[in-house]
Amino acid sequence: MYIAECRDKTLYVGIAIDVDKRIKEHNTTSKCRYTRFRKPIALAYKESCVDYNTARKRETEIRLFSRKKKFALIESI
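Please read all numbers here as calculations on a predicted model, not as lab measurements.

J.: Tell me what's going on with the side chain of Lys 70, and back it up with residues and numbers.
T.: With respect to the helices, strands and loops of the structure, Lys 70 is situated in helix 3 (residues 67–75). No salt bridge is formed by the buried Lys 70, whose closest oppositely charged neighbour, Glu 59, lies at an N-O distance of 10 Å. Leave out the neighbours within four places in its chain, and Lys 70 touches Leu 11, Val 13, Ile 62, Arg 63 and Phe 65.

J.: I'd like a description of the side chain of Thr 35, backed by residues and values.
T.: In this fold, Thr 35 is placed in the loop between helix 1 (19–28) and strand 3 (42–46). Exposure remark for Thr 35: the relative accessible area of 1% places this residue in the buried category. Among all residues touching Thr 35, those that are not within four sequence positions of it are Cys 6, Tyr 12, His 26 and Ile 41.

J.: Account for the pairing of strand 2 (residues 11–14), naming residues and giving values.
T.: Here strand 2 shows two buried faces, one formed by Leu 11 and Val 13 and the other by Tyr 12 and Gly 14. As judged from the four bridges shared by strand 1 (residues 2–5) and strand 2, these two strands associate in the antiparallel manner. Looking across to strand 2, one finds that Tyr 2 is bridged to Gly 14. Between strand 1 and strand 2, which pair antiparallel in sequence order, lie five residues; one of them, Lys 9, sits at a positive phi of approximately 70 degrees.

Rules used in this analysis
Residues numbered from 1 in each chain as written. Predicted model: local features only at pLDDT ≥ 70, side-chain atom pairs only at ≥ 80, totals over all residues. Heavy atoms only, no water. Helix = DSSP H or I, 4+ residues; strand = E, 2+ residues; numbered from the N terminus. Buried < 20%, exposed > 50% of the residue type's maximum accessible area, 1.4 Å probe, protein only. Lys, Arg positive; Asp, Glu negative; His and termini not counted. Salt bridge = Lys/Arg side-chain N within 4 Å of Asp/Glu carboxyl O. Contact = heavy atoms within 4.5 Å. Pairing = 2+ DSSP bridges.

As structure tokens, then:
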């Protein structure tokens, strides 16, 4: 599970097995609709999860966080 900060200072929350590869993919392709016009994006936070279902639940939980709470999570590392 990861949080990326876009050029326009918005935050994108996603999951990936290889987070670094996924960030690179965000920056070099147009596959992700949200980040397509917000490049470059930078990894702000990542968290390991036991399995896909746990990662998906955590992603959903964090997506519901306020912007302020997401930044607090990023600052906690």
